[in-house]
Amino acid sequence: MNPIQLTEQYVKSSLEGAEGGHDWWHIFRVWQTAKTIAAEEYVDIEVVELAALLHDIADSKFHDGDEEIGPAKAGEFLKSISVNEETIKHVQQIIRNMSFKASLGERDFHSKELEVVQDADRLDAIGAIGIARAFSYGGFKQREFYNPDIPPNLNMSKEEYKKSTAPTINHFYEKLLLLKDKMNTDTGRRMAQQRHEFMELYLEQFYGEWQGEK
Ligand code: ADP
Ligand code: NI
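Below is a short write-up of the structure.

## Topic: the overall build of the protein chain
Link 1 in the chain: Across its full length, the protein chain holds 11 helices and zero strands.
Link 2 in the chain: Along the protein chain, from the amino end to the carboxyl end, the secondary structure elements read α-α-α-α-α-α-α-α-α-α-α.
Link 3 in the chain: Against the compact-globule benchmark of 17 Å for 214 residues, the protein chain has a radius of gyration of 18 Å, which places it among compact chains.
Link 4 in the chain: Principal-axis analysis of the C-alpha atoms places the extent of the protein chain at approximately 60 × 35 × 30 Å.
Link 5 in the chain: Residue burial in the protein chain is summarised as follows: out of 214 residues, 47% are buried.
Link 6 in the chain: Partitioning the intrachain contacts of the protein chain with sequence separation of at least 6 by distance along the chain shows that 65% fall at a separation of at least 24.

What follows is the structure, given as structure tokens:
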């Protein structure tokens with residue numbers, strides 16, 4: 001097996017039993033989308049695929065906020081299958097710099113490969129799948145779907161964002177509807193625009209149904 005296939009197998013088995021938003025199928029979708037975007041860019045496709053496959057191998061959210069566990073685990077695995085040092089370092093930098101939380105704080109690393117994988121990950125947070133993931137996450141956290149008395153908070157700090165217990169609909173305004181303007185690549189932007197419009201239609205329908213409109 002080549003490094004991509006070995007990594008696919010490793011990630012699939014490590015994520016056995018993971019919750020819906022970060023299970024193997026999230027990784028699978030980000031991987032496919034990353035390849036779609038990469039086809040339009042000059043990138044090292046091996047770095048893109050490895051980073052897409054490994055980007056959520058250990059989410060800091062589930063490890064007391066430790067943001068170095070992911071890169072360390074990915075690096076260890078890639079070393080064990082003899083991927084070259086330079087590729088490993090690049091993949092680790094991508095994982096370190098990918099999350100929305102990282103982009104709220106300071107960012108010190110850039111590469112086209114990071115842009116591609118980050119776009120692919122962001123695309124999985126919007127559109128039909130993004131909606132499913134948001135409500136799945138909200139259920140996991142036992143949040144309300146919607147509460148008209150709790151308005152979205154558009155100026156959250158990194159800490160407030162991590163601690164928030166607001167209804168799931170608020171997350172659309174606090175994050176999901178903002179993602180289309182954060183895309184790095186042209187292909188990513190086009191895909192985001194289409195998924196964004198679908199979410200707006202969804203919200204319109206949601207509020208109508210909430211009020212018992214016919
Ligand atoms: P990723 O792992 O893709 O970088 P996150 O860890 O930030 O993304 O979130 C995983 C999924 O859970 C995303 O689809 C995101 O929109 C959703 N999510 C995160 N926070 C909330 C929230 N407060 N309410 C609803 N969904 C959320
Ligand atoms: Ni992800």
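That was the structure; now back to the text.
## What about the coordination of the nickel ion (ligand 2)?
Link 1 in the chain: Only H26 (NE2), H55 (NE2), D56 (OD) and D121 (OD) from the protein coordinate the nickel ion (ligand 2), and they sit 2.1 to 2.2 Å from it.
Link 2 in the chain: Every donor counted, the four donor atoms about the nickel ion (ligand 2) form angles of 81 to 167° at the centre, which fits irregular coordination.
Link 3 in the chain: Binding-site remark: the nickel ion (ligand 2) is held by donors from one chain whose sequence spacing is H-x28-H-D-x64-D. Here H26 is found in helix α2 (residues 24–38), whereas its partner D121 is found in helix α7 (residues 112–123), with 95 residues between them in sequence. For the pair shown, H26 and D121 are each scored as buried.

## Structural notes on the packing of aromatic side chains
Link 1 in the chain: Taken as a whole and judged by the stated rule, the model has 15 aromatic pairs.
Link 2 in the chain: Centre to centre, the rings of F135 and F172 are 6.1 Å apart; their planes meet at 50°, and the pair counts as tilted. A residue pair is termed long-range when its members are at least 10 positions apart, and F135 in helix α8 (residues 127–140) and F172 in helix α10 (residues 168–174) qualify at 37 residues.
Link 3 in the chain: Looking at F135, the relative accessible area reads 18%, which means it is buried.
Link 4 in the chain: On the basis of relative accessible area, F172 is assigned to the buried category, the value being 0%.
Link 5 in the chain: Measuring from centroid to centroid gives 6.5 Å for F135 and F206, while their planes differ by 20°, and the two rings are stacked. With F135 in helix α8 and F206 in helix α11 (residues 186–210), this residue pair connects regions lying 71 residues apart in the sequence.
Link 6 in the chain: A network of ring pairs unites the aromatic residues F135, F145, Y146, F172, Y202, F206, Y207 and W210 as a single cluster.

## Points about the pattern of salt bridges
Link 1 in the chain: Scanning all chains against the criterion turns up eight salt bridges.
Link 2 in the chain: Between E68 and R96 there is a salt bridge, and its shortest N-O distance comes to 2.7 Å. Note that E68 is positioned in the loop between α3 (45–54) and α4 (69–80) and R96 in helix α5 (residues 85–97), a separation of 28 residues in sequence.
Link 3 in the chain: On the basis of relative accessible area, R96 is assigned to the partly exposed category, the value being 33%.
Link 4 in the chain: Taking the shortest distance from any N to any O, the salt bridge between D124 and R133 comes out at 3.5 Å.
Link 5 in the chain: On the basis of relative accessible area, R133 is assigned to the buried category, the value being 16%.
Link 6 in the chain: Each member of the salt-bridge network shares a partner with another, and the members are R29, D124 and R133.

## What to know about α8
Link 1 in the chain: Between the first and last C-alpha of α8 there are 20 Å, a value that for 14 residues agrees with the 20 Å anticipated at 1.5 Å per step.
Link 2 in the chain: Among the residues trailing α8, Q142 stands out with phi positive, at a value near 55°.

Calculation rules
- Residues numbered from 1 in each chain as written.
- Chains lettered and ligands numbered in written order.
- Predicted model: local features only at pLDDT ≥ 70, side-chain atom pairs only at ≥ 80, totals over all residues.
- Heavy atoms only, no water.
- Helix = DSSP H or I, 4+ residues; strand = E, 2+ residues; numbered from the N terminus.
- Rg over C-alpha atoms; globule rule 2.2 N^0.38 Å.
- Buried < 20%, exposed > 50% of the residue type's maximum accessible area, 1.4 Å probe, protein only.
- Contact = heavy atoms within 4.5 Å.
- Donors = N, O, S within 2.8 Å, 3.2 Å for Na, K, Ca; no water.
- Tetrahedral: all angles 85-135°; square planar, octahedral: opposite > 155°, others 65-115°.
- Phe/Tyr/Trp six-rings, centres within 6.5 Å; stacked < 30°, edge-to-face > 60°.
- Salt bridge = Lys/Arg side-chain N within 4 Å of Asp/Glu carboxyl O.
- Expected span 1.5 Å × (residues − 1).

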